[in-house]
There are 2 protein chains.
Amino acid sequence: MNDSRKSFKREAPDQRQDALIDATLSLIATGGPEAATVRNIALKAGVTQGLIRHYFSTKEDLIGAAYERHMTTMRYATYSTLERELPGAVARLGALVTASLSPPVTDPRAMALWAGFIQSVQRDTAMRAIHEKTYFQFRDQLQVLINEAFIEVGQPKDKMDLRKFAIACNAVLDGLWLEGSALPDTFETGELPAIGLASIGAILGIKLEV
Amino acid sequence: MNDSRKSFKREAPDQRQDALIDATLSLIATGGPEAATVRNIALKAGVTQGLIRHYFSTKEDLIGAAYERHMTTMRYATYSTLERELPGAVARLGALVTASLSPPVTDPRAMALWAGFIQSVQRDTAMRAIHEKTYFQFRDQLQVLINEAFIEVGQPKDKMDLRKFAIACNAVLDGLWLEGSALPDTFETGELPAIGLASIGAILGIKLEV
DNA sequence: TATGAAATTATACAAGTGTATAATAAGAAG
DNA sequence: CTTCTTATTATACACTTGTATAATTTCATA
């Protein structure tokens, strides 16, 4: 009858969900959370708006899923290179610092995304849970690396000290990442990784620079 | 005629403007940027919505003014105590670190505000300008303090080194401030200032703890 | 007390918001 | 080829948004 109705192709549920999350992230990165309207998301994902509700019972669900995916992606971008990094724990730690403070991790779009999400951590319990989860995942992974580095240089530390070191190093990374992402043009190439290596090296008392 | 019309009192323009900014900040802190609608702002400020446009030609203007005020307030809260802090440059630096990582600077509401604003730094040139301004103000002030501390301990540094130290120390403060504000319950009282003092002390090679 | 500038209210408007629901079409299963 | 599930489209709805503009009221000044 109505041949003006849009023809479509069924996709595997996972792929559609992914496409919707992709579209959401892309929109928030570019135009902030307010740009991620259901209509924009649907448009970008190449579907009509009604479909969103078929996969996510509410828009907040979709936003939450997008946040979790973004943080996981960032963590993966930071840690994935380390697995092939064999030389030793200290070298791996140095590589982590460099990776955390270089593109694509240090990136204005990623920061805009992160900021758009973090702002809702206070009042939205679901978002807070996701934040806590990803934050501790990252910090714990960092703590493992720090522990191994201390062992490697023959100065093992106890759990309490390790915790403090992990918090401090994580703060350095967060802070530098933030500065570099928010005002990328005010730092020379390689400046942030260099400062990160020197600072974390000083905090731990382990020389990280090559 | 129409006696249902709201009676009002003229206020000094500056005070009204302040009241509108206050209302804006309060709303963003509590409910995020999306809660800061012109109607909510007017309601909270005890005026009707049309008045906003009389003081700010657009809502973005108001948001920008609110951002600048918030950052200035935070900077003031961080630095104001230092003026009476006489003992010396190292002590002043230590006091700054402690102040930066304790209430009221470290505060979930302040963080929500900051995040709500920072997210628009990328795409809004006006907001970016405000961000750059306040960021450099803070970092430069920090650099002055670091310089004085180095001189006090008899190890003066050149400008380039000072810049790197300021960036690093600022990152530590930002990072710890962020962690403490986002997840206040996961740190013991005084833990963050202690970690901050130890870390910045290690980075500079100056003992800051008492 | 009368005048006038501008601070303030009131109202209207077009556009956009998230959500709900009914209609349709695709594609697998039989 | 037919049936049936459900992925997808289409449409409607009630509400909120920022802005524009006209109507009023306040208060300083003369």
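Residues numbered from 1 in each chain as written. Chains lettered and ligands numbered in written order. Predicted model: local features only at pLDDT ≥ 70, side-chain atom pairs only at ≥ 80, totals over all residues. Heavy atoms only, no water.

Colleague: Can you help me understand the protein's contact with DNA strand C in this one?
Modeller: Close contacts around DNA strand C come from 26 residues, with Thr37(A), Arg53(A), Lys59(A), Arg10(B) and Tyr55(B) the closest. Counting only atoms of DNA strand C within 4 Å of the protein, the fraction found in sugar and phosphate groups is 62%. Thr58(A) places a polar side-chain atom, nitrogen or oxygen, 2.8 Å from a phosphate oxygen of DNA strand C. Taken together, the elements giving at least two residues each to the surface near DNA strand C come down to helix H2 (38-45) of chain A together with helix H3 (50-55) of chain B. Considering each element in turn, the surface near DNA strand C owes the most residues, four residues, to H3(B). Residue classes in the surface near DNA strand C are distributed as six nonpolar, seven polar and 13 charged. (Near = heavy atom within 4 Å. Polar contact = N/O pair within 3.5 Å; in protein donor to acceptor, adjacent residues only side chain to side chain. Helix = DSSP H or I, 4+ residues; strand = E, 2+ residues; numbered from the N terminus. Nonpolar A, V, L, I, M, F, W, Y, C, P; charged D, E, K, R; others polar.)

Colleague: What am I meant to see in the pattern of salt bridges here?
Modeller: Between side chains of opposite charge, pairing is possible as soon as their charged atoms come close. Applying the stated rule across the entire model yields 16 salt bridges over all chains. Residue Glu191(B) pairs with Arg163(A) through a salt bridge whose shortest N-O separation is 2.7 Å. Residue Glu191(B) is located in helix H9 (residues 191-204), and its partner Arg163(A) is located in helix H8 (residues 159-182); the two belong to separate chains. Notably, a salt bridge pairs Arg69(B) with Asp18(B), separated by 3.5 Å at the nearest N-O pair. Here Asp18(B) lies in helix H1 (residues 13-31) and Arg69(B) lies in helix H4 (residues 59-79), a separation of 51 residues in the sequence. Residue classification places Asp18(B) among the partly exposed positions, given a relative accessible area of 38%. Ionic contacts of the salt-bridge type, sharing partners, join the residues Asp18(A), Asp22(A) and Arg69(A) into one network. (Salt bridge = Lys/Arg side-chain N within 4 Å of Asp/Glu carboxyl O. Buried < 20%, exposed > 50% of the residue type's maximum accessible area, 1.4 Å probe, protein only.)

Colleague: Would you explain the layout of surface pockets in this entry?
Modeller: Unfilled space is identified by rolling a water-sized probe across the atoms. Estimates place the volume of the largest pocket at around 910 Å³. For the lining of the largest pocket, the secondary-structure elements that each account for two or more residues are helix H4 (59-79) and helix H6 (108-118) of chain A together with H4, helix H6 (108-118) and helix H7 (125-152) of chain B. No other element matches H4(B), which puts six residues into the lining of the largest pocket. Across the lining of the largest pocket, the residue classes break down as 13 nonpolar, seven polar and eleven charged. Its volume calculated, the second largest pocket comes out at about 430 Å³. Forming the walls of the second largest pocket are 14 residues, and the residues nearest its centre are Phe8(A), Lys9(A), Arg16(A), Thr48(A) and Leu51(A). (1 Å grid on protein atoms, 1.4 Å probe; cavity = no way out; pocket = protein on both sides within 12 Å on 5 of 7 lines; lining within 4 Å. Points joined across faces, edges and corners; volume = space filled by probe spheres on them.)

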